[in-house]
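Structural description and commentary
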Amino acid sequence: MHQNLLGVLPIATDNYVAFTFFVGTMAMMAASVFFFFELSNVEKKWRTSILVSGLITFIAAVHYYYMRGYNLDTGESPIFFRYVDWILTVPLMCVEFYLITKKAGAKMGLLWKLIFASVVMLVTGYIGEAVYGKETQSWIWGLVSGIAYFYIVYLVWFGDVAKLAMNAGPAVTKAVKTLGWFVLVGWAIYPVGYIAGTAGGLFGFRVFEGLSMDIVYNIGDAVNKIGFGLVIYSLAQTDKPTAIA
Ligand SMILES: *C/C=C(C)/C=C/C=C(C)/C=C/C1=C(C)CCCC1(C)C
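The structure reproduced in this document is the subject of the present report. The shown structure was predicted, so the numbers you read here are calculated from the model rather than taken from an experiment.

So, the overall build of the protein
Within the protein, the secondary structure is distributed over nine helices and zero strands. Helices and strands in the protein line up, N terminus first, as α-α-α-α-α-α-α-α-α. Taking 2.2 N^0.38 as the reference for a compact globule, 245 residues should give roughly 18 Å; the C-alpha atoms of the protein span a radius of gyration of 19 Å, in line with that estimate. Taking the principal axes of the C-alpha coordinates as reference, the protein spans close to 65 × 45 × 25 Å. Looking at the 245 residues of the protein, the share that counts as buried comes to 45%. Here the analysis covers contacts within the protein between residues at least 6 apart in sequence; of these, 74% occur between residues at least 24 apart. As displayed, the protein offers around 12600 Å² of accessible surface, 71% of which is attributable to carbon and sulfur atoms.

Focus: the packing of helix α3 (residues 79-101) against helix α4 (residues 108-131)
Their axes nearest at 9 Å, the elements α3 and α4 cross at an angle of 160 degrees. Regarding the angle of α3 to α4, the classification is roughly antiparallel. In this structure, α3 crosses over α4, and the sense of that crossing is right-handed. Within the contact of α3 with α4, the residues separate by chemical class into 22 nonpolar, three polar and one charged.

Remarks on the packing of aromatic side chains
Under the counting rule described, the total for this entry stands at 21 aromatic pairs. Relative to Y190, the ring of W86 has its centre 5.0 Å away and its plane inclined at 80 degrees; by these criteria the two rings are edge-to-face. Of this pair, W86 sits in helix α3 while Y190 sits in helix α8 (residues 189-197), and the two are 104 residues apart along the sequence. Y190 matches W86 in its accessibility class, with the two residues each being buried.

Side note on the environment of L155
Within the element layout of this structure, L155 appears in helix α5 (residues 138-157). Linking L155 and L110, residues 45 residues apart in sequence, is a C-alpha distance of 9.0 Å. Those residues within four positions of L155 in sequence are excluded, and the remaining contacts are K113, L114, D160, V161 and A162.

Section: the pattern of salt bridges
Evaluated as defined, the whole model comprises six salt bridges. Look at the salt bridges and you will find they share partners, linking R82, D85, D214, D221 and K225 into a network.

Looking at a nonpolar patch on the surface
A cluster of nonpolar side chains, contributed by L143, I147, L202, F203, F205, V207, F208 and L211, occupies part of the molecular surface with about 760 Å² of accessible area. With respect to the helices and strands, the residue F205 is situated in the loop between α8 and α9 (213-238). In this structure F205 comes out as exposed when scored by relative accessible area, which is 61%.

Overview of the environment of F36
Structurally, F36 can be placed in helix α1 (residues 16-38). Each C-alpha atom of the pair F36 and F97 lies 19 Å from the other, and the pair is 61 residues apart in sequence.

Observations regarding the site of the ligand
Surrounding the ligand, one finds 18 residues, the nearest of these being W86, M121, S145, Y190 and K225. Protein contacts shield 99% of the accessible area of the ligand, which totals 520 Å² for the unbound molecule. Elements with a contribution of two residues or more to the shell around the ligand: α3, α4, α5, α8 and α9. For the shell around the ligand, the element with the most residues is α3, which contributes five residues. Broken down by class, the residue content of the shell around the ligand amounts to 11 nonpolar, five polar and two charged.

Overview of helix α7 (residues 170-186)
End to end, α7 covers 23 Å across 17 residues, agreeing with the expected 24 Å (1.5 Å per residue, within 8%). Residues V172, A175, V176, L179, G180, F182, V183 and G186 constitute the buried set of α7. Here the buried face of α7 lies against α3, α5, α6 (160-166), α8 and α9.

A few points about the packing of α7 against α9
Across the interface, α7 lies against α9 with an axial gap of 10 Å and an inter-helix angle of 175 degrees. Considering the angle they form, α7 stands roughly antiparallel to α9. For the pair α7 and α9, contact is made by A171, V172, A175, T178, L179, F182, V183 and G186 and by V223, N224, G227, F228, V231, I232 and L235, respectively.

Reading guide: rules and limits
- Note that residues are indexed from 1 along each chain, following the sequence as it is written.
- Only residues with pLDDT of 70 or above have their local features reported here, since the model is predicted, and side-chain atom pairs are shown and tallied only from 80 upward, although totals for entire chains, interfaces and linings are computed over all residues.
- With hydrogens and water excluded, all non-hydrogen atoms of the structure serve as input to the side-chain values.
- Helix and strand labels come from DSSP, where a helix needs a run of H or I of at least four residues and a strand needs a run of E of at least two; each type is numbered from the N terminus.
- As a reference, a globule follows 2.2 Å times the number of residues to the power 0.38, and the radius of gyration itself is taken over C-alpha atoms.
- The rule is simple: take the accessible area with a 1.4 Å probe, protein chains only, and divide by the maximum for that residue type; under 20% is buried, over 50% is exposed, in between is partly exposed.
- Whether two residues are in contact is decided by their heavy atoms: any pair within 4.5 Å suffices.
- Only the protein chains shown count as cover for residues, with accessible areas throughout obtained via the Shrake-Rupley method and a probe of 1.4 Å.
- Note on geometry: axes are C-alpha line fits, over the in-contact stretch for helices, and angles between N-to-C directions span 0 to 180 degrees.
- With respect to orientation, any angle under 35 degrees is reported as roughly parallel, any angle over 145 as roughly antiparallel, any angle of 65 to 115 as roughly perpendicular, and every other angle as oblique.
- Handedness of each helix crossing follows the sense of rotation of the near helix against the far helix: counterclockwise by less than a right angle gives left-handed, clockwise gives right-handed.
- All amino acids are sorted into three groups, where Ala, Val, Leu, Ile, Met, Phe, Trp, Tyr, Cys and Pro are nonpolar, Asp, Glu, Lys and Arg are charged, and the leftover types, Gly among them, are polar.
- Centres within 6.5 Å make a pair out of two Phe, Tyr or Trp rings, where for Trp the six-membered ring is used; the pair is then stacked when the planes are under 30 degrees apart, edge-to-face when over 60, and tilted otherwise.
- A pair is scored as a salt bridge if a Lys or Arg side-chain nitrogen falls within 4 Å of a carboxyl oxygen belonging to Asp or Glu.
- Patches in this entry comprise residues that are over 30% relatively accessible and not in a salt bridge; like charges within 9 Å are linked, as are nonpolar side chains (Val, Leu, Ile, Met, Phe, Trp, Tyr) within 5 Å.
- We call a residue near a given molecule or strand whenever any one of its heavy atoms falls within 4 Å of it.
- A helix's residues, less one, multiplied by 1.5 Å, set its expected span.

Okay, here's the thing in structure tokens:
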């Protein structure tokens, strides 16, 4: 490929993978600016949560900038930096659950359960991709990762997170419900990418072939990181002390 005068590789018009990395970088940057600037417009008690939303998209923006270049230069999937991003941002999403249910009595133990499950989910997913990605047995690692994922879904829908959210006031109850949908549906985008991009597919059967793993992951990240942050932002906007009429 030819470099232009600035020494920059242009994105070929049919290179959709590179395009989604580029758009992902912009979206994460824009979302971070938004969350950081809105910090001064929300109630004090929600500031840490909004700050964490901004940190999640900011960490992703830095990784996307890197992954965009890596993919453009090599044409390959930036597996390592993808997982570095996730191992930092997914635990921060667990921190969000902890922070918004804290006033209803969430304990550190709950935070550690969520973080432990996400680390198991991501480490097994990484091994499945980076070590066994071209072998049929990659599905086994995906399955173990999936079990940890369903444990997180369980905690948010029926476990401690759900129980605490019910006693935390209507605004928090509603926000946790919406975040629960993000975890159940939004996060389910990722195993689709894994199945499409690894040799083991689904229990050894190839499905979603031809689908680009990176495009699926990039869409998943935009939906989940920015969407998650906006749910918290809208919670902070609704849960204000009621004005005296
Ligand atoms: C911001 C990044 C987020 C929210 C990343 C979430 C990632 C997952 C929920 C990944 C899940 C996986 C499985 C459930 C099975 C296959 C392997 C993974 C790691 C792709």
